[in-house]
Structure formats: C-alpha cells, structure tokens
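Summary of structural features
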Amino acid sequence: MMDLLWEGPGAASGEKELPTSTKSDEELAKYTVDEHLSELERTVLFLNGGLGVQQRHAIANLPHIIKGRGRSAWESLAGPLKTALNRLDADAQVEAAEVFVQITRERLMSPADLQACLLPTVVRHINKEKSEEETEAWVSALCELIPVLDKETLKSQVMSMALSKGDMEDNASSRVICARILGACAPYLTKDEIERSFFKKAMAMCQDVDYNVRLSMCEQLPHIGRACGKDSALNNLLVELFELLKDEELKIRVAAFGALMSLLESIPLELRRLKVLPVVRQHLQPFSLDIVMQRCVANHFGVLLSGMKKELEREDLMSLHSCYKHFASKSDTELRRCCASELVPTAKAACSLDPNVFTEHYSDTFQHLSMDSDEQVRLSIATHLHEIARFISKDCCCGVLTRPLVALLRDESSAVQAAVLPMLNTTLHHLSASADRRDHLVHEVLSALVDMEANCGRNWRIQVHLASSFPRFHEVFSSEQIHDHFLPMAFRFLSHSAAAVRPVAAEGIASFFRHCKGEHQRAEIFLRLVREFARGRSFPQRAAFGDVCFNVVKRFSSRFVKDWFFDLILDLLYDSVPNIRLQITRILPSLKQIIRLPEDVDLLERLNNAMSNAMTDNDRDVSLLARQVNDSYKRTPVRMGASITNTLGSGAAAFEIEDRRKEEEELDFNLTPEEMKEMKTELVGAHKRMQPRASAPDGIRFPAANKKLGVEMSRSGGLGLKSGAGVGLGTVMAGRNSSKADEGGGGSVRSGGHGLGSREGRNSYTGSGGLMKDTG
C-alpha cells in the first residue's frame, strides 16, 4: 500500500499543487463578447461563429427576438441560422424544430410571414437524410405550419413533397412521412381535392408491406375520413380500416380500433348498425382480447357508448356494462387506470339512456375503484367525484356516495385528499339532497373531515381546500355540528395557519356566523372575534379580523354591518400597522354602499373623513392605494330614503333587493337582552381600548363610536376627526408588520393620517409609557 502513495513535490509537507497554466490572450479574445451588442447582434454573432452551447442558446432565444422585432429580425438571422443548422448535432436539430413549433403556435409572425420565413427551412430539413428523431421533429413543425399556409402553397409545396415520398421504391421512413403529411393536410382540403390528389394513394398505403407505414395510416384515417364526408369515399375508407382491425400486428389493430372510435360520429347511422356494431360486439368479449387491446377498449368506453347508444341493443348494453366491470376488477394496474379515467364519460352516456343504470351496474365498481391499491386510480376517482355524484339517484345517494367519499377523505395520500376537497361543496350538495340514513352518513363524513384536519399537520394546501368548503357546510351539517367541530377548526386556521389559509378561513367563519342557529352561538362568535382578533395584540390577529370584516360586509345586511361592525372596521383604519390600514382601505367603497341617507349622515361623514385621512396617510403605500380606491369610492352611490335614487343602475337595484332579502333572513337572529348588552358593551370597550395606542403625544386619533351604541360623537375635538386631519407618531420603526412610537417622543402634527417621523423598523409597537406591545 505504501508503494501507491504519491511522492511528488509538496507531498511531504501535505501541500496541494495548484495548476499554473492560464488562458492565452488569443483564447480570451476568442471567447470575449462585446457587452454593448444588442440582443439581435449577439444572436447573430453566436450563430456565425460561437461555440455549440452558444449557438443552441441563440436558437432557443429566437421566439423572444422575433416576438419583439418580427420579420425584420428573421431576415437578419436567416443566413446565420441556416449555416448553424448545417453544423449542429441531432439534439440541437430537434431543439430548433421545437423552436419553430413554438413560433408557429404562438403566431409570433403573421401567417404570410410564417409561410415565407419558416416553410423553406422546414421543407429543406425534411428532405435531408437525418435520424428518425430529427425527421419526426421537423415533420411535427411542418404539421404545425400547415394551418397557416394558403391553399396554393399547401398543394404546390407540401402535398407535392409528400406524394414524392410515397412511392414504393422509397424507404419506409419516407412513406411514413408521406402518411403524416397527407393526414395533416386533409382537414384543409375539400372532398373533391382529396379524391383527385391522394385518396387512392392513402388507401394503398393502408396495405403497405411495412407495419410502420400501416400504423401511421391508422393514425391519419380519422382526419381523411372526416374530410371525405358521408359518401362512397368513406365506405372505401372503412373497408381498409376493417382490414387493419384484422392485421397481424397488435399495435396496428389497437391503432385501427382507436381510429374507428374517432370516426364514429362521421359514420352514417345505417352503416354503424351494419358494419360497426359487429366489430364492437367482437371487442366486448374481454376473455378473447390481448391485454393491450383491453386497455385500448377501456380508454374508449365513453366514446363507444355515446357514439353507439342508438344502435346498441339491450344485450349489447349489458355486455358493455359487464365488460367495464370485468376490466375494472383485473389485476393490471394500467387497465384499472383506464377504467377510472373513463368512469365519468361512460356513466354520462349510460345514464342518458337509463337514469338508474349507475346505481344498478356501476356503484360497486365505483366503490371498488375509490379504494383501489393504486394511487393514480384513487386520484382519478377523487378528481371526478363531484361529477360522479350527479349520476347517482337521490334516493340512494348517501348509500352509494358516502363510503367512497369517506375513504378518499381518509386516504393515506395527501394528493388524493387534495383532489377531493376543491369540489367538496358540490359533492356535499348532492349528499345533502338524499334522505336515506342521512344523519348517520353525514356523521361519518364529519368524522373523516375532522380526522383529516388533525392528521394534515402543517400541510397548508389541504387546509386551504378544506377551509374553502366551509361556506356551504351549513347545507349538510347541523348548527351544533358546525359549532362543535368546524368553528374551532376555522378559528385555528385563522390564528395559527399559513397566510394563504387565513382569508379562506375568514370567509368560513363569516359563513358560520351568518348561518348558525344555536342558542348563544352568534353572541359567542362575535365576542370571540372582538376580544381575540379586533383587540388582538399582534398584527396577524388584527389582519385576520380585517379578512373577517371583508366577508361580513359581503354576507350580511347593511343594517347588521352598521350596528355591529362599522365602528370596528373604522378603528382598524387608524391602526398603527400600515398593512392593516392597507387592508381596510379596500373595504371603504363597500362600506359607503351600505350607507342610507338621511339616517346615516353621521356615518357618511366619518367615512369621508376616514377616506381623506387614508389618502394623505404618511405611509406612501397606504396613500397610493387610497387614491386608487378613491375613484371607486366616489362612484359608489349613496342610497336615499327607503328607495334607490334615480341615478342608480340595475346593479344598485339588485344590491337593494339582495340587502332586503338578507335583512329578512336576519330576523331569526334571536339575541337575548343579556347577550345584546354584552355585545354592545364589548363593542364600545373595543373602541375605547384602541385609544391607548394613540394616547402618546402626537398619537393616532380614532373616530367617535356610533351614536346607536351610546357613545357621544365629537365634531371639534376629543375622539372626533375632521376631514384631512390626523396626528403623527414621533418615530416609526421600519417593517410592514407593526410600529413603535418613540417613548416620550413627540412628532409634529401632519395633515392627513399618520405622520411617520422616521422609518427604521416596524417590528413592534409600544405607546407612550409602554401601554401596548405588538409582537407582529
């Protein structure tokens, strides 16, 4: 082992020898690019003489350059690009073809320019001897170009090239190219043009000795058949297609069956019954089919049933249902995935014939697939669960739907759970319409949702989807179930979850607040919102309350908002944290819409004062947003008396009608006198407790509380605010989450809002004397 040790210079001392060679001046000059070159000039330079990686980068950048400069950029690049493409390897050729596809697909030039600039290059590379991968890439680029070509160019350049490659003397790859191009051209030609130019050629290629050519023709027959219409040409095409269904190569039989399914709608009714139906019956015998053909049939169950439902007899339908169930229960994972993805189109077509067919023939398979061992199968069922629910009859919806729903909600895969949740409201709506064993089964769903929330940990995506379902939970779950299980969950989301979860949880809490019917529940929710969030000592708590207020304004009547939330919202507009003021500023137009004159003249004045103060706020973000919102605020009409002013449009009339409906529904808000007194006391107390934050010299002043709550308004001092007036803080620490007043420090009074003496940090707030600390 000692002989293997290296004993070169420096080995004894343990030093590592460093290379001393450097790049020569010639090498440095070769790889140096003038930084003042424009993007177009740099691309031309790379294409002309750059390294391979530079040339590939230049080609990948072509869409960006052409998008900005159009055809003029192409004219500058055409020559260098042609030279570079002649030298680049196969991978770069494929990338270049993909760039051409992108330019065409995004229409970065006009159709005439695409034809003039790209077509010659594409045709030239198709005609060259290249690898199969390169040729395929350039043929794909040509197929993408064909829709933008004029018919004369299509015939003279594209079709002539394709036909020249279709001779039997040419190699098989040339004939495959011919088939691909003819199929791509067919939709843009008339039936007569197809018959005159290449129909016989295409039919002859269906009998080609090379199976790759026959396979390619199977893929093109649907395009040619739809272009030919329902006449003799289609009959001839079907003859060839039925021959391909008997081909010795399994791949060709599979492709031919797929082509037949694609052509079903184009085949006349009589021809479907006489020619196609026997073929379909043959393929509904699962035990006689190869597994690959079984997958193909499973992938087309929906198309087959919807396209042949008028021709299929009762025995045929029973065979199809049995075939589907057989495929869905097999051990082949890919086959079960095909069945899961086709469940919705198959059930839709079957239920159009018999509304009860899903319950009779597919419910067991549906439940089996929802608990499949393969995650992709369960994921497919979870994604389409809300659609499947539509096919289940109301009488047995709970019995059929609940077990799969509970199983998917309890699934070990978070991806499956996340797939169920976005449309959970729709699924629950179908569940709530059923009456059989409803209470027991709803309890199972509730337990599954509670367990999901408990086990999701910090997976905020699951929490977002779950919280987004809260607004419609009242349609399924009782008020007691919501209060005992989902309301605490919503408050946890509002207090401790990620920022993306809080606005959705706030909407859920507003919905629970709106629809709860249990005794003392509304008072409990309101008091908790005020005590823990409106008066919260941290920025996220007050921000969460702002989200709740936004949803309360949307969901409740104007009278309710004015009585219970108007003062709380305006108090937040004078919060020490700029982000809170930003959040509340967006609500001001909605608050103006709930005002009705003359009874709310005092509220309107306070609201106008708040808008003026926000516009002149010393925080530039708040003032900028307020000026933007002010345009909408000024256009928002004020309601007059018991009706709408003549200047209001249909939108305002709809708002008035909706507001009256909400007010009528709120008549069942039965609060006891004790609850009413406690809520009003808490509301007044919340307003007064906001004042210590502003009690420091030159602190923030707050508007007077609503007269309805017994707090006297001030016009000239005290708690009152005049338009455009505000008091500043001495020192504000930089940071967006909270602010800190300079203890004992005084800032000058500045017009409009919260004068900010300096911006060194906004990570905590402490009023004069340390009255409050905001940890943000």
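What counts as what
- Residues numbered from 1 in each chain as written.
- Predicted model: local features only at pLDDT ≥ 70, side-chain atom pairs only at ≥ 80, totals over all residues.
- Heavy atoms only, no water.
- Helix = DSSP H or I, 4+ residues; strand = E, 2+ residues; numbered from the N terminus.
- Buried < 20%, exposed > 50% of the residue type's maximum accessible area, 1.4 Å probe, protein only.
- Contact = heavy atoms within 4.5 Å.
- Areas by Shrake-Rupley, 256 points an atom, 1.4 Å probe, with all protein chains shown as cover.
- Axes fitted to C-alpha atoms, helices over the stretch in contact; angles between N-to-C directions.
- Parallel < 35°, antiparallel > 145°, perpendicular 65-115°, else oblique.
- Left-handed = near helix turned anticlockwise from the far one by under 90°.
- Nonpolar A, V, L, I, M, F, W, Y, C, P; charged D, E, K, R; others polar.
- Salt bridge = Lys/Arg side-chain N within 4 Å of Asp/Glu carboxyl O.
- Core = buried A, V, L, I, M, F, W, Y, C linked by side-chain atoms within 4.5 Å.
- Disulfide = S-S within 2.5 Å.
- Expected span 1.5 Å × (residues − 1).
- Arc of directions from axis to C-beta.
- Phe/Tyr/Trp six-rings, centres within 6.5 Å; stacked < 30°, edge-to-face > 60°.
- Lys NZ or Arg CZ within 6 Å of the ring centre and 35° of its normal.
- Polar contact = N/O pair within 3.5 Å; in protein donor to acceptor, adjacent residues only side chain to side chain.
- pLDDT = per-residue confidence, 0-100.

**Some remarks on the overall build of the chain**
In terms of helices and strands, the chain carries 40 helices and four strands. Across the 776 residues in the chain, those meeting the buried criterion constitute 52%. Nonlocal contacts in the chain, meaning residues at least 24 apart in sequence, comprise 71% of its contacts between residues at least 6 apart. In the form shown here, the chain has an accessible surface area of approximately 35800 Å², with 50% of it arising from carbon and sulfur atoms.

**What to know about the packing of helix H3 (residues 52–60) against helix H6 (residues 90–105)**
It is at 9 Å that the axes of H3 and H6 come closest, and there the two elements cross at 15 degrees. When the axis of H3 is compared with that of H6, the two are roughly parallel. Judged by the twist between their axes, the crossing of H3 over H6 is left-handed. Contact residues: Arg 56, Ile 59 and Ala 60 in H3; Asp 91, Ala 92, Glu 95, Ala 96 and Val 99 in H6. For the contact of H3 with H6, the class distribution of residues is five nonpolar, no polar and three charged.

**Some words on the packing of H6 against helix H8 (residues 132–145)**
Relative orientation of the contacting elements H6 and H8 amounts to 10 degrees, with a least axis distance of 9 Å. Overall, the two elements H6 and H8 adopt an arrangement that is roughly parallel. Contacts between H6 and H8 pair Ala 90, Gln 93, Val 94, Ala 96, Ala 97, Phe 100, Val 101, Thr 104 and Arg 105 from the former with Glu 133, Glu 134, Ala 137, Trp 138, Ser 140, Ala 141, Glu 144 and Leu 145 from the latter.

**Considering unusual backbone geometry**
For the peptide bond that leads from Leu 597 to Pro 598, omega is 5 degrees, which places it in the cis range. Position of Pro 598 among the secondary structure elements: in the loop between strand S1 (596–597) and helix H37 (601–615). The phi angle at Arg 107 is positive, at roughly 50 degrees, despite the residue not being glycine. For Arg 107, the position within the fold is in the loop between H6 and helix H7 (111–127). Given the relative accessible area of 41%, Arg 107 is considered partly exposed.

**Quick word on the pattern of salt bridges**
For side chains bearing opposite charge, pairing can occur when the charged atoms are close. On inspection of all chains with the given rule, the structure shows 37 salt bridges. For Arg 410, the salt bridge goes to Asp 451, with nearest N and O atoms at 2.5 Å. Residue Arg 410 is located in the loop between helix H24 (397–409) and helix H25 (414–420), and its partner Asp 451 is located in helix H27 (residues 438–455); the two are separated by 41 residues in the primary sequence. On the accessibility criterion, Arg 410 (42% relative accessible area) is partly exposed. Relative accessible area serves as the criterion here: at 30%, Asp 451 is assigned to the partly exposed category. One network of salt bridges, in which partners are shared, links Arg 596, Arg 639, Glu 656, Asp 659 and Arg 660.

**Describing the nonpolar core**
One finds Phe 358, Phe 477, Phe 565 and Leu 591 to be the most contacted residues of the largest nonpolar core, which totals 231 residues. When residues of this core are assigned to their parent elements, the largest contribution, 10 residues, is made by helix H20 (residues 333–353). Among residues more than four places away in sequence, those in contact with Leu 591 are Val 553, Val 561, Phe 566, Ile 569, Leu 570 and Leu 607.

**Remarks on the state of the cysteines**
Considering all chains together, one arrives at zero disulfides under this definition. Between Cys 178, a cysteine without a disulfide, and Cys 185, which holds the nearest cysteine sulfur, the sulfur-to-sulfur distance is 9.7 Å.

**Observations regarding helix H19 (residues 314–328)**
Taking 1.5 Å as the rise per residue, H19 with 15 residues should run 21 Å; its terminal C-alpha atoms sit 21 Å apart, in good agreement. Of the residues making up H19, those classed as buried are Asp 316, Leu 317, Leu 320, His 321, Cys 323, Tyr 324, Phe 327 and Ala 328. Down the axis, H19 shows its buried residues gathered within 160 degrees of arc, on one side only. Counted as exposed and oriented over 90 degrees from the buried face of H19: Arg 314 and Glu 315. Its buried side turned inward, H19 meets helix H16 (269–283), helix H17 (291–299), helix H18 (301–308), H20 and helix H21 (357–370).

**Quick notes on the packing of aromatic side chains**
For any two aromatic rings, the description comes down to two numbers: the centre-to-centre distance and the angle of the planes. All chains considered together, the criterion is met by 23 aromatic pairs. Residues Trp 74 and Phe 100 carry aromatic rings whose centres are separated by 5.8 Å and whose planes lie at 75 degrees to one another, so their mutual orientation is edge-to-face. On the criterion of sequence distance, the pair formed by Trp 74 in helix H5 (residues 71–87) and Phe 100 in helix H6 is long-range, its members being 26 residues apart. The exposure class of Phe 100 is buried, given its relative accessible area of 2%. Three or more aromatic residues joined by ring pairs make a cluster, and in this case those are Phe 513, Phe 526, Phe 545, Phe 556, Phe 560, Trp 564 and Phe 565. When the ring centre of Phe 491 is taken as reference, the NZ or CZ atom of Arg 528 above it lies at 4.0 Å.

**Notes on the environment of Asp 619**
Inspection of the secondary structure assignment puts Asp 619 in the loop between H37 and helix H38 (620–635). The sequence separation of Asp 619 and Arg 581 amounts to 38 residues, and the corresponding C-alpha distance is 9.6 Å. Here the side chain of Asp 619 touches Asp 621 through a polar contact of 3.1 Å, landing on its backbone nitrogen.

**Here we look at H6**
In this model H6 runs 23 Å from its N-terminal to its C-terminal C-alpha over 16 residues, within 8% of the 22 Å that 1.5 Å per residue would give. Buried residues of H6: Ala 92, Gln 93, Val 94, Ala 96, Ala 97, Val 99, Phe 100, Val 101, Ile 103 and Thr 104, and no others. Buried residues along H6 sit against H3, helix H4 (62–69), H5, H7 and H8.

**A closer look at the environment of Ser 447**
With respect to the helices and strands, the residue Ser 447 is situated in helix H27. As a C-alpha pair, Ser 447 and Leu 409 span 38 residues in sequence and 9.8 Å in three-dimensional space.

**Structural notes on the confidence of the model for the chain**
The predicted coordinates of low-pLDDT regions are not to be read in fine detail. Per-residue confidence for the chain gives a mean pLDDT of 81, with 82% of residues at or over 70. Predicted confidence in the chain is weakest over strand S3 (residues 732–733), with a mean pLDDT of 32, and strongest over helix H22 (residues 375–383), with 95. Predicted confidence is poor over residues 1–13, with pLDDT under 50, and the contacts of this stretch with residues over four places away or in other chains come to three contacts. Throughout residues 691–776 the model reports pLDDT below 50, and contacts reaching past four residues in sequence, or to other chains, amount to 239 contacts.

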